[in-house]
Structures are given as C-alpha cells and as structure tokens.
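# Understanding the architecture of this molecule
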Amino acid sequence: MKQITGGVTAALGFTAGGIHCGVKKSSSPDKKDLAMILSEKECTAAAVYTMNRVKAAPLYITMEHLEDGVARGIIANSGNANACAPEGHENAKRMCAAAAAAVGLKENDFVVASTGVIGQTLNISAIEAGMGALAASLKKEGGSDDAAHAIMTTDTVKKELAFTTVIGGKTVTIGAIAKGSGMIHPNMGTMLCFITTDCAITHEMLSDALHEVVPRTFNRVTVDGDTSTNDMCVVLANGMAGNALIEWKDDGYTLFLQALHTLCRELARSIAADGEGASRLVTCRVHGARSEESAERLAKAVVSSPLTKAAMFGADANWGRVLCAMGYSKAPFRPEYVDVKFCSDLGEILVCRQGAGVDFDEERAKNILSRDEVVIDVDLHEGEEEAECWGCDLTYDYVKINGDYRT
C-alpha cells in the first residue's frame with residue numbers, strides 16, 4: 001500500500017466540491033457548509049449508521065436510497081444536523097432532489113448527510129439556492145479539500161486520506177474524508193466518513209468489508225462518551241480500476257479489506273487526536289487478553305474515563321485511574337496479573353506490576369506523558385488477544401466549546 005494525496009477524488013471517476021451557501025451563520029466563503037461527492041459511473045454502495053435510537057432524518061433517507069445497494073453521489077451539509085428538526089425528512093429529501101437536479105440524476109442516486117446543531121429547522125432554501133454553484137465547483141484537483149472543509153463543525157483540522165494498492169494486477173485507489181471532534185462515541189461525534197474507491201466489488205462484499213472494519217476502527221474511538229444522532233460511514237465503489245470483480249472472500253477481498261482497515265484506522269486516530277479541546281491523542285493498548293472483545297472493552301473503558309483523561313491532560317502518571325476504569329468495564333480479567341506502562345516517543349515507564357505500584361521516576365513519567373501522543377500499555381498476562389482504542393485528554397477547552405455550542 002502507498003499513501004497518496006487526493007482524498008475522495010483520488011480514485012478514478014470521482015469529483016467533489018464544497019461551498020458556503022448560508023447554513024452556517026457567516027458570509028465568509030471560507031466557512032464552507034455544503035459538500036458534494038460524485039462518481040461518473042454508478043457505484044455499489046454500503047453504509048453503517050449510528051446505533052443511537054434517536055436518528056437524524058438524513059440517515060433514514062440514506063437507508064431508503066441504499067436499499068438497492070447502488071448510488072452515484074453524496075450530498076452533505078454542516079451547521080445543522082437536521083435531527084429532531086421540523087420537516088426533517090422532507091428537507092433531507094429536498095436536499096437529494098436539488099443535488100440530483102443540479103447534475104442530471106435521480107433523487108435516490110444520492111446519499112444525504114447533515115451535521116451540526118440538533119433540533120433546529122434546516123435552511124433548505126439556502127441549500128437549494130446554492131446547489132448550482134456547488135455542482136459547478138465539482139473538480140478532481142482540490143475538490144476533496146473543499147468537501148472536507150465543508151463538512152467540518154468544531155473540527156480544527158480536516159480529515160482526508162487516500163491509498164493505492166494492487167489487486168489482481170490492477171492499481172486500486174481508496175480515499176476518504178471524515179469529520180468528527182465532539183459527541184464522539186460511535187456505535188457503528190457527530191462523526192461522518194465518506195469513502196470512495198475505484199475497486200470492482202459487489203455490494204455484498206463491500207458491505208461485509210465495511211461491517212468488519214468499522215467495529216475495529218471507528219467504534220474504538222471515544223472523545224466524550226456521547227453517541228451522535230448523525231454518525232454515518234458510507235463507501236462508494238465504481239469499479240473503474242478494472243480489477244476482476246470481487247465476489248467472494250478471496251485474495252482480492254483480503255487485500256481490499258486491508259486497505260479499508262488502514263484507511264479507517266488512520267482516520268479514527270485523527271478524529272480522536274482532534275477531540276474538542278484536546279491537547280494530545282491517548283491510545284490504550286490492551287494485550288495478553290483472553291479475547292479481543294474483552295481487550296476492547298477494557299481499552300475503551302480506560303480512554304473513556306473522565307478521570308484518566310484529566311490525568312492525561314495534566315501529564316499525571318496516576319495509573320490507579322487506569323485500573324479503576326478497567327474494574328468497572330465488566331470485562332473479565334485478574335487485577336493481580338496486570339502490568340501498566342506509560343509510553344510516548346520519549347520511551348516507556350513501568351508504573352504498575354501485577355496490580356500493584358512500583359517505584360518510578362515521576363519527572364520522567366511526566367515528560368513521557370507530555371507528548372502529543374501517549375500510549376497506556378496494559379498487559380493482562382492471560383492470553384494472546386489484544387485491542388487498541390483511541391481517545392484524547394480532557395481539557396478546560398472542552399467545556400468552553402460545549403458550553404455555548406448552540407449559541
């Protein structure tokens with residue numbers, strides 16, 4: 001695999017664009033709030049959605065449009081979630097209809113997504129008025145960048161990535177844009193991810209791959225423990241790479257799965273690192289477990305713990321909070337077997353052996369925990385399974401951002 005530039009337009013046959021249409025309360029063209037991704041050919045399509053019982057209207061419309069397993073494009077706005085909102089379903093449909101009319105397609109050719117404030121009526125008139133300009137902005141070079149910025153809310157950096165791999169002697173490209181910073185605790189913040197590929201693959205295999213990858217990537221991210229009403233991850237595959245159609249779980253499927261996993265894992269890490277107000281990415285790696293499921297549950301409990309997150313903000317080697325979080329995770333483990341290390345690019349330091357504290361250099365531990373990325377390494381000494389989960393520290397700025405998010 002090779003990392004390349006281009007995001008969602010890196011794959012053959014895809015263009016994208018992003019504009020400011022007026023959903024966000026700004027007159028600046030830099031505050032983009034409407035994005036489109038379009039394939040020149042019909043795509044097999046698959047998606048996963050939030051498991052929150054309260055779902056935004058665009059998710060239901062997207063579910064309807066993907067019943068046949070195909071799509072041509074994605075239309076998305078930021079600045080308003082269109083969740084629990086008056087006329088939500090009608091406005092989501094109007095978004096699709098406007099997008100389709102602007103590019104000469106059908107309403108059900110489009111996936112629709114929204115992100116932003118919950119409970120407020122979507123300014124559909126602004127979206128419809130801007131659709132012509134959005135369609136005109138579609139392009140190969142730079143289009144992914146515009147679309148990536150147009151779906152951002154409290155994100156401080158865009159999330160955009162692309163890779164190439166070789167499947168059956170053909171170069172296959174996979175790219176994505178994503179957004180997410182707060183309200184992140186996916187069960188698949190307002191987390192959105194749009195993936196494009198020119199791989200030839202059936203809907204069934206594409207859906208299987210997505211459902212296999214998401215639990216081990218996006219579902220292992222937590223910023224604040226809140227599962228959004230709008231979480232969605234969609235992948236479109238137009239087959240233009242010319243590889244033999246992937247119809248079975250053969251070598252081609254395995255290679256595609258690896259590429260998809262790498263892409264989603266890196267995007268998941270970037271979402272955690274850009275958590276609202278965050279100053280560092282916190283990874284918890286649990287190994288020596290009896291099962292991957294228990295390792296994941298333990299790791300997520302650690303990175304979800306407000307006390308652990310606060311300790312990471314203060315670069316405080318308070319390993320007791322790690323064991324405490326593990327203890328209420330409901331995952332089976334023997335505390336008396338557990339070793340804990342804190343790690344970063346400055347090295348590692350053992351702070352707990354067999355469930356008990358050890359003498360360690362507090363100053364060195366603080367230096368290790370002061371880096372942009374820190375790892376909480378937990379060895380259970382009970383088995384061969386492992387899992388990683390990603391989160392961030394809890395800072396004063398998280399409260400500032402969310403204290404007046406709506407206003």
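Residues numbered from 1 in each chain as written. Predicted model: local features only at pLDDT ≥ 70, side-chain atom pairs only at ≥ 80, totals over all residues. Heavy atoms only, no water.

## Considerations on the pattern of salt bridges
Within this structure, the stated rule accounts for 22 salt bridges. Close ionic contact of aspartate 146 with lysine 139 constitutes a salt bridge, the shortest N to O distance being 3.5 Å. When its relative accessible area of 37% is taken as the criterion, lysine 139 is described as partly exposed. Here glutamate 296 and arginine 220 are joined by a salt bridge, their closest N and O atoms 3.3 Å apart. Taken together, the residues glutamate 296 in helix α7 (residues 292-304) and arginine 220 in the loop between α5 (203-213) and β9 (232-237) connect sequence positions 76 residues apart. (Salt bridge = Lys/Arg side-chain N within 4 Å of Asp/Glu carboxyl O. Buried < 20%, exposed > 50% of the residue type's maximum accessible area, 1.4 Å probe, protein only. Helix = DSSP H or I, 4+ residues; strand = E, 2+ residues; numbered from the N terminus.)

## Focus on the nonpolar core
One finds Cys193, Ile195, Phe218 and Phe256 to be the most contacted residues of the largest nonpolar core, which totals 40 residues. Of all the secondary-structure elements, those providing two or more residues to this core are β3 (34-49), β6 (159-167), β7 (170-179), β8 (192-197), α5, β9 and α6 (251-273). With 11 residues, the top contributor of residues to this core is α6. With sequence-adjacent residues up to four places away left out, cysteine 193 is seen in contact with Ala176, Ile177, Ala178, Phe218, Met232, Cys233, Val234 and Leu267. The next biggest cluster of nonpolar side chains, apart from the first, holds 34 residues, and it includes Val286, Ala325, Phe342 and Ile376. (Core = buried A, V, L, I, M, F, W, Y, C linked by side-chain atoms within 4.5 Å. Contact = heavy atoms within 4.5 Å.)

## Brief notes about the packing of α7 against helix α9 (residues 320-327)
At a minimum axis distance of 8 Å, the contact between α7 and α9 shows a crossing angle of 130°. Accordingly, the angle class assigned to the pair α7 and α9 is oblique. α9 is crossed by α7, and the crossing has right-handed handedness. Touching Leu298, Ala301 and Val302 of α7 are Val322, Ala325 and Met326, all from α9. Looking at side-chain class alone, the contact of α7 with α9 contains six nonpolar, no polar and no charged residues. (Axes fitted to C-alpha atoms, helices over the stretch in contact; angles between N-to-C directions. Parallel < 35°, antiparallel > 145°, perpendicular 65-115°, else oblique. Left-handed = near helix turned anticlockwise from the far one by under 90°. Nonpolar A, V, L, I, M, F, W, Y, C, P; charged D, E, K, R; others polar.)

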